[in-house]
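One-letter residues, chain by chain:
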Amino acid sequence: MNTRIRHIWIQNIHMAIRVGVHVSTNSDSYQAGYEVGVKGCEQIGTNKPNLVLLFASTYFDQKKILAGVQEACKGALIIGCSSHGEILQDTVRTKSVVAMLIASDTLISTAGAAIDGDSSGALGTQLANYIQTNAKAAIETCLLFQDGLRLNGSAVLQGMQQVFKGSIPIYGAAAGDDFAFHATYQYAGNQVLQSGIVGCGLSGIAHGIGAEHGWKPIGLPVHVTRATGAIVHEI
C-alpha cells in the first residue's frame, strides 16, 4: 500500500460531559477560528476541551482558522472538514465557521488521518487499522470526515468495516467547498489536508445516530452507462 498515516492523538479527560457550540461570520480567518474556540470554551466552563469538531467555508484561509481554534483550545484534538454550508440549530449559513467543543471525564478519543492511498478502500482500511491498533479502550463508534470530490465514500466505509467487522457504527460527512468543486479540506490536529480522510474512534460515552434527508425527485430515473467510482461519465 502507498498510504501515509498522519498522527494519532489519544486523550483522557477529567470532568463531567459538557458541550459548547458557536458559529462565527468574522471575515478574518484567524479571528473566526479563535472566536468559535473562545465562545465554545465559555459554554463548557474550561479552555481545555478534549475534542473539537470544526466545519468551515472555503472562503477562509483554512490554516489560519485552525491556528485560531488551536490558540483558544490549547491541547484539544481538532477534527473536521470544509463544507458547502455551516449548520447551527435551525440555520444554514455560508462564509462562516462553526465548532462543537466536548469535554468529558469518560471520553477517550483516538484519531488519525490517511492520505495518498492506492484507492479509497485502502485509505479506509489503513485508517481503521491505525485507530484500532492505537486505541486505549474498545472503540464504540467512529467519526469520519473525508474528501468529497476525489474519494468514493462507499469504498472508504467498506474498507473501514473490513477492519471493524461491521460491529462499530461510523458516521460523519464528506467535505465540501461551497459548490466550487475544486478542492476540499480535512482537519486533523494541527494539519489541513487535501484528498484524505480523518477518523476518530470514540469510547466511554453514550451515543445515538439518526439519519434523514429532504431530497425530492425532480425528473425521471436514468441509467448510468459509464462511471469510474463516484464520477459519472455517461448517462
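Computed from a prediction, not measured in an experiment: that's the story for all the values here. Residue numbers here run from 1 along each chain, matching the order of that chain's written sequence. Restriction of local features to residues with pLDDT of at least 70 applies here, the model being predicted, together with a cutoff of 80 or more for giving and counting side-chain atom pairs; totals for whole chains, interfaces and linings are based on all residues. Note that the side-chain values use all heavy atoms of the structure and ignore hydrogens as well as water.

Details of unusual backbone geometry
- Look at Q89: it is not a glycine, yet its phi comes out positive at around 60 degrees.
- Tracing the backbone through its elements, the reader meets Q89 in the loop between strand 5 (86-88) and strand 6 (91-93).
- One non-glycine residue, F181, adopts positive backbone phi at about 55 degrees.
- Elements are defined by DSSP. Helices are runs of H or I of four residues or more, strands are runs of E of two residues or more, and each kind is numbered from the N terminus. Looking at the element boundaries, F181 is found in the loop between strand 10 (170-175) and strand 11 (186-188).

A word on the sheet that holds strand 7 (residues 97-103)
- Overall, mixed pairing links the six strands, which are arranged 2-7-3-4-11-12 in an open sheet. Sheet topology places strand 2 (18-24) and strand 12 (191-193) at the edges, where each strand pairs with a single neighbour. Taken pair by pair, the neighbouring strands of this sheet meet at an average axis angle of 15 degrees, ignoring direction.
- Sheet strands in contact with helix 1 (residues 29-44) are strand 2 and strand 7, and its direction is about 150 degrees off that of strand 2.
- Seen against the sheet, helix 2 (residues 62-72) touches strand 3 (51-56), strand 4 (77-82), strand 7, strand 11 and strand 12 and runs at an angle of roughly 150 degrees to strand 3. Paired strands are those between which DSSP finds at least two bridges. Between N-to-C directions, angles span 0 to 180 degrees; the directions come from axes that are lines fitted to C-alpha atoms, helices contributing only their stretch in contact. Here, two residues are considered to be in contact whenever any of their heavy atoms come within 4.5 Å of each other.

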